[in-house]
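Next come the chains, spelled out residue by residue.
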Amino acid sequence: MTVHGADGAGGADALLTVLELLARQAPPAQFDTVLDEARRTGLTGAELHRLERAVTLADQVRAGHERDARRGAGLASLTDTARDLTLSYDLDSLLRVITRRARRLLGLDLAYVTLRGPHGASFVHTSEGSRTATGPGARLTPGLRIAEGYGLGGAVHLHGEPVWTADYLADERFAPSGSLDAGVHAPAFDEAAESALRAEGVHAIVAAPLRSGDTVVGVLYGADRRVRHHTPDEISLLAGLADLAALAVEKAGLIDRTRAEVTELERDSARVRTGLARMRHVSEAHGRIMNLVLAGGDLCNVAKAAADALDGTVLIRDPGGRPLAAAGDIPGLDEEAVAKASLDAHARRRPVLTDDDTWVAPVIAGSEDLGGLVIRAAGGLTGEDERLLELAAQCVAFLLLMRRSTAVAEGPVRDELLDDLISDPPHAPQHIAQRARRLGVDLRRPHVLVLARPEGGEQGRAVVWASSYAYRLSGLKTVQGGCIVLLLPGIDASAAAKAVSAELSPLLGHPVSVAAAGPAESPDGVGRMHQEALRCLDAMSALGGTGSAASVQDLGFLGLLLSDDNDVDGFVEAAIGPVLDYDAERFTDLTHTLEAYFASGGSPSIAAEALHVHPNTVSRRLERIGELLGPEWQKPGQVLEVQLALRLQRTREVLARGRGPAGPAGPTGPA
């Protein structure tokens, strides 16, 4: 490039050259070359001054172009960053993008972001440009804790505005004794953070706030390992990136909250679906059980359906705790705990859990106790299972009430049948047997007859109960002479009397006198049992046994007198049978010893003289008799029966000897 002469034409050529260089966006060195060339060619004075002024203006224009280019690049970067925020990046990825672009746009050695923790301190979340760490906390790497109020970050959190320094380590404002605002803020000191900055060799730092509304949630740092004075444009660009970083934090927080809400909604939805499924299961199971009841199913079918629905074992019991039906067996059942839980369940009118994972549900109709359901489920019971247990108990109550209603509806027919059975003589025995079979009563099986007389004068509830009780046990019921008459299958009259008393007395709330007789295995024996039970009931009243329960067999020798068949053999066997058998098997003389003992007034020595044996022999025989008859054989009641049995046995022996060899052989004791 050549500038000619010192005249005006040479100066004009130099100015034109400057314009050409400016148009080509030539580097500054070429402008300096134009000035040097002009001076060599002798350009002086006003022409040289204008050329120098042109070069200066060209340099300013070039610098303006560079600023515009940098600003355009910064705006483009901000736009790209804002666009990145719309993508589904996570917070770590977005902050890495921002720190990377901050380094590239501002020519920084290091860029990092700190976020404020819940207790005031901040933590390095993302870092770009950090040197390789030589130990824990030795560099500005993610996880480094920075104390509240420390350094530039503390000032940014305090004021909410960007803060910068050309040489941090030499800036007295950030020393522990320095102050950004005298009397307002004294920076804290963090040895770990200070050590990290020195290890990184940081000098120039710019810190811009990440603002969420009026709150500073973090800080974006740009750092250089040299002294550097940052321009306002650079500080503004870093602040813009910090605002975008704040948006990223907000977006991440919003996404986290949204995900948490979605997760909670999914859990709620799952719970609702599970609840609906359980409710549907409860409804379907209740429908199946109720259909069984309406179709005439028995308690065993209902218990099995409930056990299948609840995946457990189910026992159905009456108010006295006696089993009515079962689906499976519950080993090791604590009956005492079940009885206590049953009382609680009826008081609360809902299922109650015992200590051994067994549930008891009340079977009730209004205020009437109809029994209970006992269940032990394999996997325990949920709230919906408890509701199903309540519904199953209601179905059982409904079935029991239906049975009672059926029994009441059939009551007149069944009452008439039993009236005919106990009449004397019975009406048309063959016709009676057919009527009994139509009602589901098999008179060929052993039956006992029970008389129940409520002592409180209230018969209404007792009669209703008796109808249901007889129907449940496949028996018959009627009312005669103020007494409830029950003909029930069985062979143990005493047990039948006690069972009726145990169930009827609590229901009425006052004593009930119960007498029983039997068994009998034909329709002809029902009238006889009725007469025996009546005499037994009268005897109980005469002996002060009102409100108790007994059978003819329970009354001992009185039962022998009250019985129509006078079972002498049975009485003798019950009273002294073991002694008679012992004498017959071992050829001993315990029977005569007993007779001598009673004849002597209970004196072993006098009895020994009568038997011509030593008193010790009598004592040993009496001990053996006590082992055979039991420790209470000498009490007054049993002594009377033993003496009566001895007299009957001796009389039978005399009569047998009187009949001679031609008479029928009867049972005899040892001589």
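No experiment lies behind these values; they were computed from the predicted model shown.

(A) The arrangement of the overall build of the protein in detail. Looking only at helices and strands, the protein has 20 helices and 16 strands in total. At a minimum sequence separation of 6, the contacts of the protein that also span at least 24 residues come to 61%. Taken as a whole, the protein presents about 33,600 Å² of accessible surface, with 54% of it coming from carbon and sulfur.

(B) Summary view of the pattern of salt bridges. Applying the stated criterion across every chain yields a total of 19 salt bridges. The salt bridge partner of R271 is D268, with a shortest N-O separation of 2.0 Å. Highlighted residues: R271 and D268, both in helix 7 (residues 232-294), separated by three residues, approximately one helical turn. Residue classification places R271 among the partly exposed residues on the basis of a relative accessible area of 47%. Assessed through its relative accessible area of 28%, D268 is described here as partly exposed. The partner of R624 in a salt bridge is E627, with the nearest N and O atoms 2.8 Å apart. Of this pair, R624 and E627 both sit in helix 19 (residues 615-629), separated by three residues, roughly a single helical turn. A residue is classified by how much of its surface remains accessible, and E627, at 57% relative accessible area, is exposed. Because the salt bridges share partners, they merge into one network encompassing E264, R267, D268 and R271.

(C) How the structure looks around the sheet that holds strand 1 (residues 110-116). Strand order in this open sheet of six strands is 3-2-1-6-5-4, and the pairing throughout is antiparallel. Across the chains shown, the open sheet's two edge strands, defined by having one partner strand only, are strand 3 (145-146) and strand 4 (163-165). Sheet topology note: the strand 2 (residues 122-128)/strand 3 ladder contains two bridges and is antiparallel. Bridge pairing in strand 3 links S122 to I146. Its contacts with the sheet place helix 5 (residues 151-159) against strand 1, strand 2, strand 4, strand 5 (204-212) and strand 6 (215-224), and it is angled at close to 145 degrees to strand 6.

(D) Expanded view of empty space enclosed by the protein. What the rule picks out here adds up to three cavities of 30 Å³ or more. One number sums up the size of the largest cavity: a volume of about 90 Å³. Contributing to the lining of the largest cavity are Y112, L140, I146, Y150, G151, L152, G153, Y168, A193, L197, I205 and Y221. Take the lining of the largest cavity: its biggest share by element is three residues, from helix 5.

(E) Structural view of the packing of helix 4 (residues 91-106) against helix 7. One can describe the packing of helix 4 onto helix 7 by two numbers: an axis separation of 9 Å at closest approach and a directional angle of 175 degrees. Comparing their axes, helix 7 and helix 4 come out roughly antiparallel. Counting all contacts with helix 4, which are made through L91, L94, L95, I98, A102, L105 and L106, the residues of helix 7 involved are E234, L237, L238, L241, L244, A245, A248, V249, K251 and A252. Grouping the amino acids of the contact of helix 4 with helix 7 by side-chain chemistry returns 15 nonpolar, no polar and two charged.

(F) Quick peek at the sheet that holds strand 16 (residues 549-551). In space, the five strands of this open sheet follow the order 13-14-12-15-16, with mixed pairing throughout. Each edge of the sheet is formed by a strand with only one pairing partner; in this case those strands are strand 13 (476-480) and strand 16. Strand-to-strand, the axes of this sheet are offset by a mean angle of 20 degrees, without reference to chain direction. The sheet strands contacting helix 12 (residues 460-472) are strand 12 (447-454), strand 13 and strand 14 (483-489), and the helix crosses strand 14 at an angle near 10 degrees. Against the sheet, helix 13 (residues 493-508) contacts strand 12, strand 14, strand 15 (512-520) and strand 16, and its axis sits at roughly 150 degrees relative to strand 15.

(G) Structural context of the packing of aromatic side chains. Counted by the stated rule, this structure contains five aromatic pairs. Ring pairing ties together the aromatic residues Y597, F598 and W633, which thus form one cluster.

(H) Summary view of the confidence of the model for the protein. Of the residues in the protein, 82% have a pLDDT of 70 or more, and the chain-wide mean is 78. Mean pLDDT across the elements of the protein ranges from a minimum in helix 15 (residues 557-562), with 52, to a maximum in strand 12, with 92. Across residues 1-8, where pLDDT falls below 50, the model places 19 contacts with residues more than four positions away in sequence or in other chains. A low-confidence stretch, residues 658-671 stays under pLDDT 50, and its non-local contacts, those more than four residues away or across chains, total 18 contacts.

(I) Main features of helix 2 (residues 28-40). Between its first and last C-alpha atoms helix 2 spans 19 Å; for 13 residues at 1.5 Å apiece the expected length is 18 Å, and the two agree. Among the residues of helix 2, those classed as buried are F31, V34, L35, E37 and A38. Take helix 2 and look down its axis: the buried residues cluster within an arc of 165 degrees, on one side only. Where helix 2 terminates, the next one or two residues include G42, which has phi positive at roughly 90 degrees.

(J) Spatial organisation of helix 8 (residues 299-310). Between its first and last C-alpha, helix 8 extends 16 Å over twelve residues, near the 16 Å set by a 1.5 Å rise per residue. Inspection of helix 8 places L299, V302, A303, A305, A306, A307, A309 and L310 among the buried residues, and these make up the whole buried set. D311, located one to two residues past helix 8, shows a positive phi value of around 50 degrees.

(K) Fine view of the layout of surface pockets. Volume-wise, the second largest pocket comes out at about 350 Å³. Taken together, 19 residues make up the lining of the second largest pocket; nearest its centre are P319, E368, D369, L370 and L507. Among the secondary structure elements, those contributing two or more residues to the lining of the second largest pocket are strand 11 (368-377), helix 10 (383-422), helix 12 and helix 13. When its residues are assigned to classes, the lining of the second largest pocket shows nine nonpolar, three polar and seven charged.

(L) Structural detail: the nonpolar core. Among the nonpolar cores identified, the biggest contains 35 residues, and V314, I316, V363, L373, L389 and V396 are the most heavily contacted of them. Looking at this core, the elements with two or more residues in it are helix 7, helix 8, strand 7 (312-317), strand 8 (323-327), strand 10 (359-365), strand 11 and helix 10. When residues of this core are assigned to their parent elements, the largest contribution, ten residues, is made by helix 10. Formed by 26 residues, the second largest nonpolar core is a distinct cluster that contains L108, A208, L210 and V249.

(M) Representation of the packing of helix 17 (residues 590-599) against helix 19 in the model. Two elements in contact, helix 17 and helix 19, have axes whose closest approach is 10 Å; the angle formed by their N-to-C orientations is 105 degrees. With respect to each other, helix 17 and helix 19 are oriented roughly perpendicular. In contact with L590, T593, L594 and Y597 of helix 17, helix 19 contributes V618, R621, L622, R624, I625 and L628. Classifying every residue of the contact of helix 17 with helix 19 by side-chain character gives seven nonpolar, one polar and two charged.

So, how was this worked out
Residues numbered from 1 in each chain as written. Predicted model: local features only at pLDDT ≥ 70, side-chain atom pairs only at ≥ 80, totals over all residues. Heavy atoms only, no water. Helix = DSSP H or I, 4+ residues; strand = E, 2+ residues; numbered from the N terminus. Contact = heavy atoms within 4.5 Å. Areas by Shrake-Rupley, 256 points an atom, 1.4 Å probe, with all protein chains shown as cover. Salt bridge = Lys/Arg side-chain N within 4 Å of Asp/Glu carboxyl O. Buried < 20%, exposed > 50% of the residue type's maximum accessible area, 1.4 Å probe, protein only. Pairing = 2+ DSSP bridges. Axes fitted to C-alpha atoms, helices over the stretch in contact; angles between N-to-C directions. 1 Å grid on protein atoms, 1.4 Å probe; cavity = no way out; pocket = protein on both sides within 12 Å on 5 of 7 lines; lining within 4 Å. Points joined across faces, edges and corners; volume = space filled by probe spheres on them. Parallel < 35°, antiparallel > 145°, perpendicular 65-115°, else oblique. Nonpolar A, V, L, I, M, F, W, Y, C, P; charged D, E, K, R; others polar. Phe/Tyr/Trp six-rings, centres within 6.5 Å; stacked < 30°, edge-to-face > 60°. pLDDT = per-residue confidence, 0-100. Expected span 1.5 Å × (residues − 1). Arc of directions from axis to C-beta. Core = buried A, V, L, I, M, F, W, Y, C linked by side-chain atoms within 4.5 Å.

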